[in-house]
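Observations on the three-dimensional arrangement
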Amino acid sequence: MSHPADTATPEALLHLEDWPAVKSPVRPDPAIEARIEGILSGMTLAQKVGQIVQADIPAITPDEVAEYHIGSVLNGGNSSPGGRVRAPPEEWLQLADAFWLASTGPDGKGIPVIWGTDAVHGHNDVVGATIFPHNVGLGAANDEDLMERIGRATALEMRATGIEWTFAPTLAVTRDDRWGRTYESYSEAPEIVARLGAALIRGLQGDPQSDAFLSADHVLATAKHFLGDGGTTGGRDQGETEGDEPTLRDVHAPGYVSAIEAGIQTVMASFSSWQGHKMHGFREVLTDLLKDRWAFDGFVVGDWNGHGQLPGCTETDCPDALLAGLDMYMAPDSWKGLIATLTRQVEDGTIPMDRLDDAVRRILRVKVPLGLLDAPRPS
């Protein structure tokens, strides 16, 4: 299969010198970097490829997590332990333990999976959790202190079920109220989105300037969906973002600037496109802007099989996304086929080992400070 990808955009669409400079408060730690390099040097190709793939819990077993060295699992909107949507918190915790034990192995030295969930207005997938208003209501309240308190409460309830990573906040700036996800947006005003999103991140992750940052009662946040998902033509979900470069920069990007300044560690690519380029394969946005211009050194995760929408790609065959700057494929039900093709593509040189190593390094750079490699099983 050919891959005509967005990865090699023939001429630059962004004038990066006109974009704001951003500085994360999370600085590189030489001891952590040395530990990461030590882990990376001892990993097999299968272990590296497994780290960059995320599977949905109904589509994978703990035994398969162990066999394929899977780096992450998620529960999609309708996914729950054993398919029981009313599963009690204890069952969530038991499954988290099972995935942890499978990934760490009998000797306890494997790299633990990280579990992601859409805890977007509280830990909303779990019966009995505290439910907060959706973002459109919280935007109307426009209270940063309230957002931090909601983040702290959500993190505690997530940790009680063994889950360490939420796919929140949504930083979309809605430009057309017909968009079906308008309720996930704080505001049509970029400055409100930027302030409230950063406050929620601080509540979820902790203050990046303190010892509380990513401590045992905090979780990873995710800035999503990068970039421009709230500005599509006619409000069409996963569509083409309208506007020129200043619109993309001044309307849709401020929330991500504030997220990086609040210490965000993961960013989710958008299904949407700009100037005809799908974000999952848009190197100028994922690598040149986010990672180079803004010095983001966490990892970029895809959205639900979003890589399969790139030209020339399928859900099980898409090196283009990795080459563009995606670090972890969200491959809920396509993970096994994707692992097979990614492995072949590294072996035949389609994917340089340096790019694979960079993706794994970024994932470890989040897992290690989160304490996953040193903590006991979730329960």
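Values in this document were obtained by computation on a predicted structure and should not be read as measured data. (Residues numbered from 1 in each chain as written. Predicted model: local features only at pLDDT ≥ 70, side-chain atom pairs only at ≥ 80, totals over all residues. Heavy atoms only, no water.)

1. Observations regarding the side chain of E284
Inspection of the secondary structure assignment puts E284 in helix 10 (residues 283–293). Although E284 lies buried, it forms no salt bridge, and the closest oppositely charged side chain, R283, sits 9.2 Å away as judged by the N-O distance. A polar contact of 3.1 Å, which involves the side chain of E284, links it to the backbone nitrogen of L14. (Helix = DSSP H or I, 4+ residues; strand = E, 2+ residues; numbered from the N terminus. Buried < 20%, exposed > 50% of the residue type's maximum accessible area, 1.4 Å probe, protein only. Lys, Arg positive; Asp, Glu negative; His and termini not counted. Salt bridge = Lys/Arg side-chain N within 4 Å of Asp/Glu carboxyl O. Polar contact = N/O pair within 3.5 Å; in protein donor to acceptor, adjacent residues only side chain to side chain.)

2. Thoughts on helix 12 (residues 335–347)
Side chains three or four residues apart in an α-helix point the same way, a direct result of the helix having 3.6 residues per turn. With 13 residues, helix 12 extends 18 Å between its outermost C-alpha atoms, agreeing within 8% with the 18 Å of an ideal straight helix rising 1.5 Å per residue. Tucked into the core, helix 12 has its buried residues touching helix 2 (45–51), strand 1 (53–56), helix 3 (62–68), helix 11 (319–324), strand 10 (329–330) and helix 13 (353–370). Looking one or two residues beyond helix 12, the residue adopting positive phi is G349, at roughly 90°. (Expected span 1.5 Å × (residues − 1). Contact = heavy atoms within 4.5 Å.)

3. Side note on the confidence of the model for the protein chain
For the protein chain, per-residue confidence averages 96 on the pLDDT scale, and 97% of positions sit at 70 or higher. Across residues 1–9, where pLDDT falls below 50, the model places 30 contacts with residues more than four positions away in sequence or in other chains. (pLDDT = per-residue confidence, 0-100.)

4. Here we look at helix 13
Taking 1.5 Å of rise per residue, the 18 residues of helix 13 would be expected to cover 26 Å, and the 26 Å separating its terminal C-alpha atoms lies within 8% of that figure. Counted residue by residue, helix 13 has 14 buried out of 18 residues, so it is predominantly covered. Positive phi shows up at G371, right after helix 13, with a value of about 90°.

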